[in-house]
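Chain by chain, the residues:
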Amino acid sequence: MDAQTTAQPSSPSADETGDVAARLPLRPALLAPYRDLVALRHDYPLVLVQADDAAAAVRPLTAIVDDILRTIAPRGAAGERTRRHVLALEQEIRRRVAAGAGGHLVALWDAAAATLTDADPDRAEALAAARAALTIDGDVIGCDGEAPARVVTHLWKQAEAHRLTALADRIATLRERLEALLAGDAPTGAPLAEPCARRIRAVLDRLVPPARLDALRSGDPTALADLVTTDPAAAIAAWRRETAAIVDLAAALTIATLDCDGRYDESRHDTAFAAFSVASLAPDDLALAPAVLLRLDDDGPARRGEVLDILAAGLPIKILVRSSDPLGEAGGDAAPGRALPGTRLATMAAAIEDAFVLQAGVDALAHMAGRIARGLAYDGPALLAIQAGGAPAGLPSYLQAAVVGQARLMPSFCYDPSAGPDLASRWSVADHNPQPDADWWLQPFVYEQDGHRVVGTVALTAADPLVCDPRLEAHVRLVPASAWTDAMVPLDQWLAADAADPARIPYVAVIDADDRLFRAVPSPAVIAATSRCRDAWRSLQELGGLHNSWAEQRLAEAREIWEEERSQLVAAHKAAG
């Protein structure tokens, strides 16, 4: 939704109905240009790539194509022809993925190129050059309900592979040093005492890389399967199992390190390591255990309670929660309560100061991949709350998630306890939130009315997706152009007024399936929910350093004192003159 809104929805004529049911499905007016996502260059499909850098592990197809075009398309007419043919290929791949195709990028690329070349042989040269410049491959995914799990699982597997590789390297280094000691290369130059040599030989027998690493390196798809679950109780059990399994390895690593450094004291350490258990594990030892990935759907308050309990207990489980409904109560009466419980899990979790928390929409996964990877690599508990779209508003998942996030219903944010000791280091709210300094995102908007072109701006507020939800039909009154009056004001302006004027009627701009423009008057319940979203966004802004009400208050107080002192000085000067 970064493109300027230039489509021009028309106002309905005076005899057209304002009945909500008759005009469904409705869309926020800013979505007028976005009817055909296949034709629109956006972040999907995504390509899941094996890469050391998490930011490069989730690549939009558009970014891959742009890189290729920078390589093969020269300036001028020849380059423009190449760009046109390669962009047609990109669109064909996007069309296939939207229709349900999957698989690896190279296979999809070759199949799409063959189709386009058969239709127009003149494309062959440009598409062959593009294919030669394609240097990466990976699974291709569309923006659907499975995208959050596929992206997070992909990044989690890579994080676990890196963790296991680092552990194997550490073990190899210690083994090399211990074997050197046995060979007579002790730091003191003296031969090892037999008790010490016996201990080192015993440690070498215990100091072996985890079996999972060999399975991962061999491409075994089940290497990490027992660490992924959709059951909170099973996740806790898996964490306990894996923690117990590392006790012996943690002890062996510590003994090996002490011996390599010449610090092992038999009088103290023999007794301590004889009684070594789960209770003896230090935080660094606990980090040796693989991370358990718990994948859940936000299906009600009981589920949210389970998630918060795991986070509050400090269990280092990585939790993906996929949500699709800001109303938050599946099967409920769809009353837009002021709290909108479906939007609150991540903000509540962020109050647990040692838990990593990220909230984002499925539309932002490529942009947030680096932060997601940080959460998966974090030693403590982590929550990844991903808004997947799909609520019954008649929009594709990509657009629904984008609207919910950018309308401040569920804005993107990240709280990372490992980033530093203070809130300024830990909080980030500017990522993927348009105009983060403002209450709402303002965009240019053009429409036709009575044969005239009208240019203005429209704010995307939390009410915009709510009034388009067919379940909230009873909370919306549509007003056709023939009934518009000067008393009607955009909802963002109505909320910004110091006191609501009962003579003023707040509205948000919506379009119907035929791109006809209406003003939707929301109910008091929708207005209250929108106000709460604005207040919650302002709190996030403060946490992210975009505003600081305390500093602004102190500045105002200082300015008031200065003005008073200035007035007194001026008065004294006049009196003296």
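I will try to describe carefully the structure that is included in this document. In this text the structure is predicted, and so the values were computed from the model without any measurement.

### Thoughts on helix α10 (residues 247–260)
Its 14 residues give α10 an end-to-end C-alpha distance of 20 Å, which sits within 8% of 20 Å, the value for a rise of 1.5 Å per residue. Among all positions of α10, only V247, L249, A250, A251, A252, L253, I255, A256, L258, D259 and C260 are buried. Looking at the packing, one finds that the buried side of α10 touches α6 (147–182), α7 (194–206), α9 (232–245), α11 (266–274) and α12 (283–286). Trailing α10 by a residue or two, G262 shows a phi angle of about 70°, which is positive.

### Details of the nonpolar core
By size, the foremost hydrophobic cluster in this structure holds 74 residues, and its most contacted members are L155, I317, I319, L358, I372 and L383. Element by element, the count of residues in this core is highest for α6, at 7 residues. The contact partners of L358, leaving out residues within four places of it in the chain, are M368, R371, I372, L383, L384, A385, I386, F413 and C414. Counting 28 residues, the second-largest nonpolar core is a separate cluster that includes L26, V467, V510 and I527.

### Quick look at unusual backbone geometry
Glycine aside, residues mostly have negative phi angles, and peptide bonds mostly take the trans form. A cis amide bond links Y44 with the next residue in sequence, P45, at an omega value of 0°. Here P45 shows up in the loop between β1 (27–28) and β2 (46–48). Here the phi dihedral of R408 falls at roughly 70°; this positive angle occurs in a residue that is not glycine. Tracing the backbone through its elements, the reader meets R408 in the loop between α16 (397–406) and β10 (413–415). The backbone phi angle of H432 is positive, close to 60°, even though this residue is not glycine. As for its placement among the helices and strands, H432 is situated in the loop between β11 (427–428) and β12 (441–449).

### Quick look at the environment of R538
Within the element layout of this structure, R538 appears in helix α20 (residues 524–543). We classify R538 as partly exposed; its relative accessible area is 36%. Spatially, the C-alpha atom of R538 lies 32 Å from that of R35, the residues being 503 residues apart in sequence.

### Some words on the state of the cysteines
According to the stated counting rule, one finds 0 disulfides in the structure shown. Here C196 stays unpaired: no disulfide links it, and the sulfur of C260, its closest cysteine neighbor, is 9.8 Å away. Its relative accessible area of 14% is what places C196 among the buried residues. C533 supplies the cysteine sulfur nearest to C468, a cysteine that is in no disulfide, at a spacing of 15 Å.

### Details of the side chain of R519
You can see R519 is positioned in strand β17 (residues 517–522). Although buried, R519 forms no salt bridge, and the nearest oppositely charged side chain, D486, lies 6.9 Å from it. Only 3.5 Å separates the side chain of R519 from the side chain of Y507, close enough to count as a polar contact. In this structure, R519 is in contact with R477, L478, V479, W484, T485, M488, Y507 and V508, ignoring residues within four places of it in sequence.

### Structural notes on the pattern of salt bridges
For the structure shown, the criterion picks out 37 salt bridges. As a salt-bridge pair, D67 and R70 come within 2.4 Å of each other at their nearest N and O atoms. Placement of both D67 and R70 in helix α2 (residues 61–72) is noted, with a separation of 3 residues, approximately one turn of the helix. What emerges from the salt-bridge pattern is a single network uniting R41, D66, E90 and R94.

Rules behind the numbers
- Residues numbered from 1 in each chain as written.
- Predicted model: local features only at pLDDT ≥ 70, side-chain atom pairs only at ≥ 80, totals over all residues.
- Heavy atoms only, no water.
- Helix = DSSP H or I, 4+ residues; strand = E, 2+ residues; numbered from the N terminus.
- Expected span 1.5 Å × (residues − 1).
- Buried < 20%, exposed > 50% of the residue type's maximum accessible area, 1.4 Å probe, protein only.
- Contact = heavy atoms within 4.5 Å.
- Core = buried A, V, L, I, M, F, W, Y, C linked by side-chain atoms within 4.5 Å.
- Disulfide = S-S within 2.5 Å.
- Lys, Arg positive; Asp, Glu negative; His and termini not counted.
- Salt bridge = Lys/Arg side-chain N within 4 Å of Asp/Glu carboxyl O.
- Polar contact = N/O pair within 3.5 Å; in protein donor to acceptor, adjacent residues only side chain to side chain.

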